[in-house]
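# Inside the fold
Take a look at the letters that make up each chain.
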Amino acid sequence: MKRIAVLTSGGDAPGMNAAIRAVVRSGHYHGLEVYGVYRGYSGLIEGNIHRLDLGSVGDIIHRGGTILQSARCEEFKTEEGRKRAIGHLRAHGIDGVVVIGGDGSFRGALKLCEAGIPAIGVPGTIDNDIPGTDFTIGFDTAVNTVIDCIDKIRDTATSHDRTFVIEVMGRDAGDIALWAGLAGGAESIIIPEEPDSLDEVVERLKRGVQRGKKHSIIIVAEGVASGAEVAARVRKATGWETRVTVLGHVQRGGTPTAFDRVLAGRMGSKAVEWLLQGKHSLMTAIRNGEIIGVELKTALSQKHSPAMELHGLAKILSI
Ligand code: ADP
Ligand code: F6P
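The following refers to the structure shown.

About the criteria used
- Numbers given to residues run from 1 along each chain, matching the order in which its sequence is written.
- Each chain is given a letter, starting from A, and each ligand a number, starting from 1, according to the order in which they appear as written.
- In keeping with the predicted nature of the model, local features appear solely for residues at pLDDT of at least 70, side-chain atom pairs appear and are counted solely at 80 or more, and the whole-chain, interface and lining totals rest on all residues.
- No hydrogens and no water enter the side-chain calculation; it runs on all heavy atoms of the structure.
- A run of H or I in DSSP becomes a helix once it reaches four residues, and a run of E becomes a strand once it reaches two; helices and strands are each numbered from the N terminus.
- Our radius of gyration is a C-alpha quantity, and the globule rule it is checked against amounts to 2.2 Å times the number of residues to the power 0.38.
- Whether a residue is buried, partly exposed or exposed follows from its accessible area with a 1.4 Å probe, protein chains only, as a fraction of its type maximum: under 20%, in between, or over 50%, in that order.
- Here, two residues are considered to be in contact whenever any of their heavy atoms come within 4.5 Å of each other.
- To measure how exposed things are, a 1.4 Å probe is used in the Shrake-Rupley method; for residues, cover is taken only from the protein chains shown.
- Counted charges follow a simple rule, with Lys and Arg positive, Asp and Glu negative, and His plus the chain ends left uncounted.
- In plain terms, the charge of a residue is placed at NZ if it is Lys, CZ if Arg, CG if Asp and CD if Glu.
- Whether two strands pair depends on DSSP finding at least two bridges between them.
- The axes are straight lines fitted to the C-alpha atoms, using for helices just the contacting stretch, and the angles between their N-to-C directions are given from 0 to 180°.
- Multiply 1.5 Å by the residue count of a helix minus one, and that product is the helix's expected span.
- What the arc measures is the spread of directions leading from the helix axis to the C-beta atoms.
- Residues are classed as near a molecule or strand on a simple rule: at least one heavy atom within 4 Å of it.
- Identification of polar contacts relies on pairs of N or O atoms within 3.5 Å, with a donor-acceptor requirement for protein atoms, meaning one able to donate a hydrogen and the other able to accept it, and with residues adjacent in sequence counted only if both atoms are side-chain atoms.
- Gly falls in the polar group here, along with every residue not listed as nonpolar (Ala, Val, Leu, Ile, Met, Phe, Trp, Tyr, Cys, Pro) or charged (Asp, Glu, Lys, Arg).

## Overview of the overall build of the chain
When you go through the chain residue by residue, the secondary structure sums to 11 helices and 11 strands. A globule of 319 residues ought to have a C-alpha radius of gyration of about 20 Å, and the chain, at 21 Å, matches this closely. Overall, the chain is about 70 × 35 × 35 Å in size when its C-alpha atoms are taken along their principal axes. For the chain, the proportion of its 319 residues judged to be buried stands at 53%. Pairs at least 24 apart in sequence give 73% of the contacts found in the chain among residues at least 6 apart. Surface exposure of the chain reaches about 13,600 Å², of which carbon and sulfur atoms provide 49%. The averaged location of the 38 negative side-chain charges in the chain is 1 Å from the averaged location of its 38 positive side-chain charges.

## What about the side chain of S216?
Mapped onto the secondary structure, S216 falls in strand β8 (residues 216-221). With a relative accessible area of 5%, S216 lands in the buried category. Leaving out residues up to four positions away in the same chain, S216 has contacts with R162, T163, F164, E187 and L205.

## Section: the sheet that holds strand β11 (residues 290-295)
Spatially, the seven strands line up as an open sheet ordered β3-β2-β1-β4-β5-β10-β11, and their pairing is mixed. Here the strands that pair on one side only, and so sit at the sheet edges, are β3 (49-51) and β11. Strand-to-strand twist in this sheet, taken as the mean axis angle between neighbours without regard to direction, amounts to 30 degrees. Pairing geometry for strand β1 (residues 3-8) and strand β4 (residues 96-101), over five bridges, is parallel. Following the sheet pairing, V6 is matched in β4 by V98.

## Concerning helix α7 (residues 198-210)
Helical periodicity: at 3.6 residues per turn, an α-helix aligns residues three or four positions apart in one direction. Taking 1.5 Å per residue, 13 residues should reach 18 Å; α7 reaches 19 Å between its end C-alpha atoms and fits that length. Listed in full, the buried residues belonging to α7 are L198, V201, V202, R204, L205 and G208. Viewed along the axis of α7, the buried residues span an arc of 160 degrees, placing them on a single side of the element. Those residues of α7 hidden inside the fold are in contact with β7 (188-190), β8, α8 (227-238) and α11 (309-317). Downstream of α7 by one or two residues, G212 has phi in the positive range, about 105 degrees.

## Some details on the site of ligand 1
As a matter of local geometry, ligand 1 sits amid 15 residues, with R72, C73, D103, G104 and S105 nearest to it. Interatomic distance of 3.0 Å between a backbone N/O atom of G102 and an oxygen atom of ligand 1. The contact in question runs from an oxygen atom of ligand 1 to an N or O atom on the side chain of S105, over 2.5 Å. Looking at the shell around ligand 1 element by element, the count peaks at six residues for helix α4 (residues 103-114). Residue composition of the shell around ligand 1, grouped by class: three nonpolar, seven polar and five charged.

Below, the structure written as structure tokens:
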């Protein structure tokens, strides 16, 4: 193995830059040439591939987003598109690829492996929705961004005795809502994994008021319902003044936390080690604090489940 490439694909996540830096620096440390593919699989198809020297990843460890940019690329799902991509990899003499992204990106990485190009996946998504790993790069930062917002909104909720509904990201996964809701002391957390909880939310709110609560914060993951829908439901059932905040893409950007930077460093360099050892079709995962390898096929065939015990705990602590 002499040359490797790194790309970021799917939704960007804070810490992706730290992961790119880890791949480049570890690659150079082991005597490899490292190439960056710009704009994910689109860049691979277009041949948008450039050498990354040690200096090219200087001053990026603290930056959100991805210097390599990211994209969603339907063409890579076709045989024809992948043929072009693989042609460019071969023309550059690239012997292995590190794919930083989510589950869709890993399906693409598996296709590369099937075509004889060793690839390793590094989980980078704020959603934390990849089976087999306790955490994905970007999740911790997104949760901290949400907590920061909840704390600010709580000031107004308290000052005006108002109920607030905060809509957070997570199409299919409730992890952001769950962790941020627990850490932010939300009264109710609505997640896709327990979609029937809307009625319960209203009941809890009413019980809270009976006990003297004057304001409440409800966190809803976008995959269940919109913040506006939840607020309308609460208004209808209680008649309370209810405001909505949709956090949207502020959750995707920003300076990565120390946790995400360290995770990115550990996973990025492990991916390079594995390529050097002739390994492929693996995803770097963190379990109980240790970086381990999980077969991409296994990760993609399982269903992600958030730490559901946190939901029960949040209900007890926000009584
Ligand atoms: P994420 O990686 O965050 O889950 P997407 O699901 O949008 O994001 O996937 C990112 C990209 O991965 C897609 O735009 C496509 O280029 C590639 N991809 C997804 N699924 C496949 C597949 N079955 N075969 C080949 N490439 C795929
Ligand atoms: O990266 C995951 C995610 O943030 C989801 O939670 C969200 O629904 C989606 O991406 C939005 O992505 P985009 O705006 O890039 O389509």
